[in-house]
Amino acid sequence: MRGAELLGTLDRSNDESRSVGTRFLLFPQVPHLANYGTPETVWISTPPGRLRPGPEDHRIYVRDPLLDKEPYEYPYLPPFVGEVFPSAEPAYDGHFDRISLNSRQFLAAHAFGAVSRVLDIWESYLGRPITWYFAETYERLEIIPWVDWNNAQSGYGYLELGVDRAPDGRNYPYALNFDTIAHEVGHAILFSLFGVPANGLKTGDFASFHEASADITSLLSFLHFDSGLDRLLRHSNGNLLVLNELNRIAELIGDRQIRLASNSRRMSEVSDEIHDRSRPFTGAVFDTIVDTYHANLVSDGLADERLLDIDIRDIDEAAMHRISDFTALAFRARPFLFKSALTRARDDVALTLARTWSSLEADDLTFENAAMAVAEAGGRIAPALGTKFEENFRWREIS
């Protein structure tokens, strides 16, 4: 190939790269978790030409305060106008995947990339852009990637990320915890889709439904990491019922997590505390993901039909051994087909939820109404999916 032709090919390749988005490095799980210390390269939809140092684009911007900042609390809200650390800068090609992992700027880039990734995922399922619920006041979401505070919160126009404090005094920033970020962005997405009840957040099941749906947003968003899918399936030998990265929501230091998606709680067994009350709905959706995954395995000839007869909410040791026997040998022989079965289950459940969330009304939101809407939306995707949702919600005493 002659020099001019080669140069033209490279120019076209560069144009194509710019059109598909911008590269960031993201940790699928917290980097102190075993085997998750290497980030994955992901693309966000905003092209390099629309990204500025910070990072910032048309929907999100980062401000990293130079001095300690108190968490936002009404009436103190964005924008932050104090001194800030130097911005995260793109490389010469406009991408943000060459920033040192040990730098302050990487916290900013990781938080921005994670928020963008979650938005891209759920806008894809919705089939349209998400307009922030605070758009009348703020055009963009402000991210504060470091607050000296053992918590994280999303609020009206902002996302603030504190730190997980270890017993030895070390701090692990939530800006590197994809689960936590996805959960908080999930709240913002839900508010943007069906608003706030006229009588406030404590109306009926609203707050607990929000917590359950934000947990599910995080769980399903994690399943879009290619390396995360591979490690999840390899660690579990294809058996998602063992304690793993998927059902441990927001992995923290040591063996702690904020909540478990795989639980056997029914509505009659939970308290009125909003997080506890959210567990049966989260569990029903998690059950449906696993049920759909199992049905895909069986229909693809990768698992014994007896797998469909096991009640995944009441697994004893003998049943767990049977499931492991059903899946382990087949998984080792055909890991990529297991991955395909899981991604299909992920997409069917996520698409069901996205369609449901768009149809809900904040003032009339109860777990029972939401469960009916989910089952109906699932049935339009596949009759068996709607039936499975209905069965799992009924077992949880939701409908």
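If you're wondering where the values come from, they're calculated on a predicted model, not measured in any experiment.

1. Some points on helix 3 (residues 178-194)
Right, so step 1: The first and last C-alpha atoms of helix 3 sit 24 Å apart over 17 residues, in line with the 24 Å expected at 1.5 Å per residue.
Right, so step 2: The buried fraction of helix 3 amounts to 16 of the 17 residues, a majority that puts the element mostly inside the structure.
Right, so step 3: The N-capping residue of helix 3, defined by a side-chain oxygen 3.2 Å from the backbone nitrogen of Asp-179, is Asn-177.
Right, so step 4: Following helix 3 by one or two positions, Gly-195 adopts a phi angle in the positive range, close to 75°.

2. Some thoughts on the nonpolar core
Right, so step 1: With 105 residues, the main nonpolar core has Trp-122, Phe-194, Leu-220 and Phe-281 as its most contacted residues.
Right, so step 2: At 14 residues, helix 2 (residues 104-126) tops the list of elements feeding residues into this core.
Right, so step 3: Ignoring anything within four residues of it in the chain, the contact list for Phe-281 reads Phe-209, Ala-212, Ile-216, Phe-367, Ala-370, Ala-371, Val-374, Phe-393 and Ile-398.
Right, so step 4: By size, the runner-up hydrophobic cluster in this structure holds five residues, among which are Tyr-72, Phe-80, Ile-144 and Val-147.

3. Structural notes on the environment of Asp-363
Right, so step 1: Position of Asp-363 among the secondary structure elements: in the loop between helix 8 (335-359) and helix 9 (367-381).
Right, so step 2: Considered as a pair, Asp-363 and Phe-194 are 169 residues apart in the sequence and their alpha carbons are 9.2 Å apart.

4. Some thoughts on the side chain of Asp-93
Right, so step 1: Tracing the backbone through its elements, the reader meets Asp-93 in the loop between strand 3 (60-62) and helix 2.
Right, so step 2: Of the polar contacts made by the side chain of Asp-93, one reaches the backbone nitrogen of His-95; its length is 3.2 Å.

5. Focus on the packing of helix 2 against helix 4 (residues 206-222)
Right, so step 1: Put simply, helix 2 and helix 4 touch, their axes get as near as 11 Å, and they point 95° apart. Viewed along their axes, helix 2 and helix 4 adopt a mutual orientation that is roughly perpendicular. Seen from helix 2, the contacting residues are Val-118, Ile-121 and Trp-122; seen from helix 4, they are Thr-217, Leu-220 and Ser-221.
Right, so step 2: Grouping the constituent residues of the contact of helix 2 with helix 4 by class yields four nonpolar, two polar and no charged.

6. Details of empty space enclosed by the protein
Right, so step 1: The full count for this structure, using the stated rule, is two cavities of 30 Å³ or more.
Right, so step 2: Computed from the structure, the largest cavity encloses a volume of approximately 50 Å³.
Right, so step 3: If you trace the largest cavity, you find it lined by Leu-229, Asp-230, Leu-233, Arg-234, Phe-331, Pro-335, Phe-336 and Lys-339.
Right, so step 4: If you list the elements that add at least two residues to the lining of the largest cavity, you get helix 5 (226-236) and helix 8.
Right, so step 5: Looking at the lining of the largest cavity element by element, the count peaks at four residues for helix 5.
Right, so step 6: Here the lining of the largest cavity is built from residues that sort into five nonpolar, no polar and three charged.
Right, so step 7: If you add up the space inside the second largest cavity, you get close to 40 Å³.
Right, so step 8: Lining the second largest cavity are Trp-132, Leu-141, Ser-154, Gly-155, Tyr-158, Leu-159, Glu-184, Val-185 and Ala-188.
Right, so step 9: Put simply, the parts of the chain that give the lining of the second largest cavity at least two residues each are strand 5 (152-155), strand 6 (158-161) and helix 3.
Right, so step 10: At three residues, helix 3 tops the list of elements feeding residues into the lining of the second largest cavity.
Right, so step 11: Grouping the constituent residues of the lining of the second largest cavity by class yields six nonpolar, two polar and one charged.

7. Some remarks on the packing of aromatic side chains
Right, so step 1: Scanning all chains against the criterion turns up 23 aromatic pairs.
Right, so step 2: Between the aromatic rings of Phe-24 and Phe-96, the centroid separation amounts to 5.0 Å while the plane-to-plane angle is 5°, which identifies the pairing as stacked. Pair noted here: Phe-24 is in strand 1 (residues 22-26) and Phe-96 is in the loop between strand 3 and helix 2, with a separation of 72 residues, a long-range link.
Right, so step 3: A relative accessible area of 1% places Phe-24 in the buried class.
Right, so step 4: Note on Phe-96: relative accessible area 1%, which makes it buried.
Right, so step 5: Taking the centre distance of 6.2 Å and the plane angle of 35° together, the rings of Phe-191 and Phe-206 count as tilted.

About the cut-offs
Residues numbered from 1 in each chain as written. Predicted model: local features only at pLDDT ≥ 70, side-chain atom pairs only at ≥ 80, totals over all residues. Heavy atoms only, no water. Helix = DSSP H or I, 4+ residues; strand = E, 2+ residues; numbered from the N terminus. Expected span 1.5 Å × (residues − 1). Buried < 20%, exposed > 50% of the residue type's maximum accessible area, 1.4 Å probe, protein only. Polar contact = N/O pair within 3.5 Å; in protein donor to acceptor, adjacent residues only side chain to side chain. Core = buried A, V, L, I, M, F, W, Y, C linked by side-chain atoms within 4.5 Å. Contact = heavy atoms within 4.5 Å. Axes fitted to C-alpha atoms, helices over the stretch in contact; angles between N-to-C directions. Parallel < 35°, antiparallel > 145°, perpendicular 65-115°, else oblique. Nonpolar A, V, L, I, M, F, W, Y, C, P; charged D, E, K, R; others polar. 1 Å grid on protein atoms, 1.4 Å probe; cavity = no way out; pocket = protein on both sides within 12 Å on 5 of 7 lines; lining within 4 Å. Points joined across faces, edges and corners; volume = space filled by probe spheres on them. Phe/Tyr/Trp six-rings, centres within 6.5 Å; stacked < 30°, edge-to-face > 60°.

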